[in-house]
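# Coordinates in review
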Amino acid sequence: MPGLLRGIARTAVISGTATAVSNRVSRRQAGRWAEQDSAPALAYQQSAPRPPAPPAAASQPDDAMTTRIDQLRQLADLKAQGVLTEEEFAAQKSRLLG
């Protein structure tokens, strides 16, 4: 009888662990799908043409550099999240620096 209870307890622990892992995988996958659904809108916003900058002022090169750095950081974050592929990241980066 103790061997039977031990087997039942082991089965319960294994199935509980499997259920917890399965639920976590499902939540992570749902989160990734939600990111992918929002990625086209974000990519469109980033690739939309921007109006030309006004004539250069004395402090504008620093402002432009800060803006480029911020945009590169955003691109790096999107790449780290898996939203952008390496090729997309490289294309956007060369567009910013080009």
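Residues numbered from 1 in each chain as written. Predicted model: local features only at pLDDT ≥ 70, side-chain atom pairs only at ≥ 80, totals over all residues. Heavy atoms only, no water.

### Here's the deal with the overall build of the protein chain
Scanning the protein chain from N- to C-terminus turns up three helices and zero strands. N-terminal to C-terminal, the α/β element order of the protein chain is α-α-α. A buried classification covers 9% of the 98 residues belonging to the protein chain. Accessible area of the protein chain: about 7,900 Å², with a carbon and sulfur share of 61%. (Helix = DSSP H or I, 4+ residues; strand = E, 2+ residues; numbered from the N terminus. Buried < 20%, exposed > 50% of the residue type's maximum accessible area, 1.4 Å probe, protein only. Areas by Shrake-Rupley, 256 points an atom, 1.4 Å probe, with all protein chains shown as cover.)

### Points about the nonpolar core
A general trend in soluble globular proteins is that nonpolar side chains are found buried together. Grouped together as the largest cluster of nonpolar side chains are five residues: Leu75, Leu78, Leu84, Phe89 and Leu96. Counting only elements with at least two residues in this core, the list comes to α2 (60-81) and α3 (86-97). (Core = buried A, V, L, I, M, F, W, Y, C linked by side-chain atoms within 4.5 Å.)

### Considerations on a nonpolar patch on the surface
There is a patch of nonpolar side chains on the surface, built from Leu4, Leu5 and Ile8 and spanning about 320 Å² of accessible area. Relative to the helices and strands, Leu5 is located in helix α1 (residues 2-47). (Patch = residues over 30% accessible without salt bridge, like charges linked within 9 Å, V, L, I, M, F, W, Y side chains within 5 Å. Salt bridge = Lys/Arg side-chain N within 4 Å of Asp/Glu carboxyl O.)

### So, the environment of Leu78
Looking at the element boundaries, Leu78 is found in helix α2. Looking at Leu78, the relative accessible area reads 9%, which means it is buried.

### Digging into the pattern of salt bridges
Across all of its chains, the model carries two salt bridges by this definition. Notably, a salt bridge pairs Lys79 with Glu86, separated by 3.0 Å at the nearest N-O pair. Residue class for Glu86 comes out partly exposed when judged on its relative accessible area of 45%.

### Things to note about α3
Taking 1.5 Å as the rise per residue, α3 with 12 residues should run 16 Å; its terminal C-alpha atoms sit 16 Å apart, in good agreement. Taken together, the buried positions of α3 are occupied by Phe89, Gln92 and Leu96. An end-on view of α3 places all buried positions within 70° of arc, on one side of the element. (Expected span 1.5 Å × (residues − 1). Arc of directions from axis to C-beta.)

### Quick word on a positive patch on the surface
Together, Arg24, Arg27, Arg28 and Arg32 line one region of the surface with positive charge. Inspection of the secondary structure puts Arg27 in helix α1. Arg27 gets classed as exposed once you look at its relative accessible area, which sits at 57%. (Lys, Arg positive; Asp, Glu negative; His and termini not counted. Charge placed at Lys NZ, Arg CZ, Asp CG, Glu CD.)

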